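# An overview of the molecular structure
Residue strings, one per chain:
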Amino acid sequence: MEDWNVGLETLSDVALCRLAEMLDNSRCGWRQLAEAVKEQPQFRYSEKELTSCSLQVLSARGSPGRYMLALLTDRHCSVTFLLQCLKKIEHHEAVNFLTTSVMMPVEITVQPQGVQIPEGSCVMLSCRAVGPPGLNYQWFKREDEVPGGNTAELILNSVGPAQEGHYICRVNAGEKCVFSKWAHVRLVRSAGSGVMFPSSASGLCITQQPLSKTLSEGDTLYLECSAQANPPPQFQWYHNKQPLAKANSCFLKIPCVTTADRGTYSCRVFNLYHELLSDHVQVEIGPGSCTDASWRTDEEDMPSYGPPRQIVDFYATDKVALLMGNMNYLHHRQLRAPMADVYELTNLLRQLDFKVVSLLDLNWHEMHRAVTEFLLLLGRGVYGLLYYAGHGYENYGNSFMVPIDAPASYTSEHCLWVQEVLQRMQERQTGLNVFLLDMCRKRNLNDDIIQQPGPLKVTANIVFGYATCVDAEAFEVNKDDLSNGIFISFLKKRLMEQEKVTVMLDRVAEDMGRCELTRGRQALELRSNLSERRALTDRIQAIDCPVMASTRNLQWSIAHVLPESRVLQFDCGVKVQLGFAAEFSNIMIIYTRILEKPKDITSCSAQLSDFTEGPEIDLKRTNQESLRDAGSLLLTMDDRLPQEQPRLYTRLCALQRLKRELSFTVCLHYQYTNLDEEVLERQTVTVGKPLVSKLNLHEQRPLHASPSSSSDLHTMPDSPSFAEDLRASLPSLEASLTESAESYYYPDAVSPGSASHRINEPEETTSLEFLPSEELPTSKSLTHAGTEKPFKFTSFHSF
């Protein structure tokens, strides 16, 4: 449908019926649509008309949604206006259906081409199209279907007279279909005047195209492109349209991938007479937070924003971020904003190639251990970012983050000292240190200890972004089920900008200052001694020791491994699927789904129970039919899964407290057709230690005294952790890393002694602007009202 301004009468009955089904619900349906269309006077319906609409449910085939669509059609409503109103009421399912299945045309982008080839050769005809999801292909020779010709490429092996002729491809999506142009396959003889190849040569065809991949950091990328030709084909692989050195075989293997390896890959296949380019495939490198393709997040439906990257003077050897949000305090007012803020910031930083660890609700010991693990991921030239959202305070220029188990009258000994974290980050020779502190900065009258941090190194690479000013509060807004903080609502609009960090934060401060909601109540404060134009968008160039770089990738990725999705077979014949998804680094969702059941079983459900001690599980919210009921407000399940297959969700929090492998019981409740009694079968499942539980943050490790501190109350443990144990295995990694160096190289790699290498090291100056006593604490964040319903200041809560 190329003209989206056409009326609803142009939609097929099938499309109207499907839309009506989606609108026949009370939560987000035809009543909400009737309210939305009222912005145009001609679509304001009387109470009598709306009553007639609702009475449609009384008839056997009645549909209020279909009646409402008929009313809109009678008043010449356009498809565009309907789509606009569906977006307004946030009916995502209907919007997706209308834009993809109805309004998106099927268009052929690559037409098959006629060829002349010697007898006995191999030929490939290609037809590519764009349109709604689930396009189907069917090839024809004249009017006859070609057996097995139901893919975009039709490969004819050993072509003889029987295969000679005209071919055409039909592409369809539901009722829509288009046909390609005709392609004529003709045979030529090697001895005639029309010879195209020498008698010993044949055509070139790609028999196996490379496939798109979604990997986690530390995985091995393997792409294959097979071809047939005489003379034999040669190969050249490309990454983002740039040729890869020593990538000249039919496969490409890159061990221990990082986010720098993601992008578009293709392969050029050629010989003396021909040349072909393979499909362009997309390779995504992420944290491995999902083990089932049916899981997605709301952010995946949105386009990736931000300007395209450009080559800049500065780069990071890696990027690492620790995001901590404390909400459920034991002795203080509970917060709501940290969950949404940490989640949004996680997704944005991952787009900037940060290795992100996101944790919610940590006690004193867990916060210290998490910071220690974070420090182990840092190294020379690495960009380190620490974000904290929760209760906090500032005394005498020192900032303190409050854990969830802090007593009612807490002091610095119960909290995490930010300035000490900075000092320890400097010891790692980082390229950039960014602290985003989203908390209050009021004085703590219960704490009269003046902490004296040791002298900081003059590295001119430190940035503090405070969500509020000294001796001021930060606020959150309670809106619906999710809440955000002011800071993140403004920061997320600027974070992707390719600007110096301080320039970007200055713009955030200006945005907050122009907002009536925050003016005079909360203002961002920036403290920095950054002397170079370093940005969060700077590219990663891994020039340090490849062994250490790969170890860093492994020790990060191993804390983000989910259990594999699996299928359980019960004695009664029922098959149950177990799926897993990560909401945060320490929060996991488990779902069960009935895949198959015998015909004599009328009903069955698979419920989870008897979990290993450690993680926090709200028993009242286990085995729920929706993610929202299970307590997950951020993840969504793919609506394309069959609705007749029941799914039950369980949310596991505080995985950092899991002391041994996670196990649980899957209880299958089912009932036979001729029996009233319910039957129960059980299976115990063990899935290892998922996500951050592998780091054993619960272990009580001895703390050492810090020479730079007036006491040993704030120092973090330095004893070996799981991440440090990896270093013992470094010699075993050398072989695989050597292979990596042979099969892949960084086109922009610079020798350690070059000027580019030196420019990446932080410049040391004698700047007196940044002193320990001037480092201030943080604040909290919430979503900006924008064009949405304005927030009222009375709905704010300070930290």
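Attention here is on the structure that accompanies the text. (Residues numbered from 1 in each chain as written. Predicted model: local features only at pLDDT ≥ 70, side-chain atom pairs only at ≥ 80, totals over all residues. Heavy atoms only, no water.)

## Quick look at the overall build of the protein
Just so we agree on the cut-off: Counting from the N terminus, the helices are DSSP H or I runs at least four residues long and the strands are E runs at least two residues long. We call two residues contacting when some pair of their heavy atoms lies within 4.5 Å. Exposure was quantified through the Shrake-Rupley algorithm and a 1.4 Å probe, taking into account, for residues, occlusion by the shown protein chains and nothing else.
Tallying secondary structure elements over the protein gives 15 helices and 41 strands in all. Contacts in the protein between residues at least 24 apart in sequence constitute 75% of all its contacts with a sequence separation of at least 6. On the protein, roughly 36,200 Å² of surface is accessible, and the fraction owed to carbon and sulfur atoms is 50%.

## Things to note about the nonpolar core
As a reminder of what qualifies: Put simply, a nonpolar core is a bunch of buried Ala, Val, Leu, Ile, Met, Phe, Trp, Tyr and Cys residues held in one set by side-chain atoms that sit within 4.5 Å of each other. Only protein chains enter the accessibility calculation, which uses a 1.4 Å probe. A residue is then buried if its area is under 20% of the maximum for its type, exposed if over 50%, and partly exposed in between.
Leu323, Leu349, Leu385, Tyr387, Leu491, Leu495 and Leu536 are the most contacted members of the largest nonpolar core, which totals 54 residues. With six residues, helix α7 (residues 337-351) is the single largest residue contributor to this core. One finds Val371, Leu416, Val418 and Trp556 within the second-largest nonpolar core, a separate group that totals 44 residues.

## Looking at the packing of helix α3 (residues 47-54) against helix α4 (residues 64-74)
Helix packing for two helices is described by the angle between their axes and how far apart those axes are. To keep things clear, this is the line we draw: Each axis is a line fitted through C-alpha atoms, and for a helix only the stretch in contact is used; angles between axes span 0 to 180 degrees, taken between their N-to-C directions. Angle categories: roughly parallel below 35 degrees, roughly antiparallel above 145, roughly perpendicular from 65 to 115, and oblique for all the rest. Residues were grouped as follows: Ala, Val, Leu, Ile, Met, Phe, Trp, Tyr, Cys and Pro as nonpolar; Asp, Glu, Lys and Arg as charged; and all remaining residues, including Gly, as polar.
Axis separation between α3 and α4 bottoms out at 8 Å; the angle between their running directions is 140 degrees. By the angle between their axes, α3 is oblique relative to α4. Facing Glu49, Leu50, Ser52, Cys53 and Ser54 of α3, the residues of α4 in contact are Pro64, Tyr67 and Met68. Looking at the contact of α3 with α4 residue by residue, the classes come out as five nonpolar, two polar and one charged.

## Side note on the sheet that holds strand β38 (residues 647-652)
The following threshold applies: Pairing between strands is defined by DSSP: at least two bridges between the two strands are required.
Spatial strand order, β33-β34-β35-β38: four strands in an open sheet with antiparallel pairing. For this open sheet the edge positions go to β33 (566-569) and β38, each flanked by a neighbour on one side alone. Ignoring which end each strand starts from, the neighbouring axes of this sheet average 25 degrees apart.

## As for a nonpolar patch on the surface
The following threshold applies: In this scheme, patches are assembled from residues that exceed 30% relative accessible area and form no salt bridge. Like charges are connected within 9 Å, while nonpolar side chains (Val, Leu, Ile, Met, Phe, Trp, Tyr) are connected within 5 Å. By salt bridge we mean one thing: a side-chain nitrogen of Lys or Arg within 4 Å of a carboxyl oxygen of Asp or Glu.
Side chains of Leu55, Val57 and Leu58 sit close together on the surface and give an oily, nonpolar patch of about 330 Å² of accessible area. Checked against the element boundaries, leucine 58 lands in the loop between α3 and α4.

## Description of empty space enclosed by the protein
Defined as follows: Points on a 1 Å grid over protein atoms alone make up a cavity when a 1.4 Å probe fits among them but cannot get out, and a pocket when they form an open set with protein on both sides within 12 Å along at least five of seven lines; lining residues each have an atom within 4 Å of a point. Grid points are joined across faces, edges and corners, and a volume is the space filled by probe spheres set on the points.
Here the structure, examined in full by the defined rule, presents one cavity of 30 Å³ or more. Approximately 140 Å³ is the volume attributed to the largest cavity. Together, 17 residues line the largest cavity, and Val357, Glu373, Phe374, Leu377 and Leu695 are the ones closest to its centre. Those elements that provide at least two residues to the lining of the largest cavity are β22 (318-325), β23 (355-360), α8 (364-376) and α12 (546-557). Here the lining of the largest cavity is composed, by residue class, of 14 nonpolar, two polar and one charged.

## Overview of helix α1 (residues 13-23)
Rules: An arc is given here, and it is the one of the directions from the helix axis to the C-beta atoms.
Restricting attention to buried positions, one finds in α1 the residues Ala15, Leu16, Leu19, Ala20, Met22 and Leu23. One side of α1 holds all its buried residues, which, seen down the axis, span an arc of 160 degrees. When the buried face of α1 is taken as reference, the exposed residues oriented beyond 90 degrees from it are Asp13, Val14 and Glu21.

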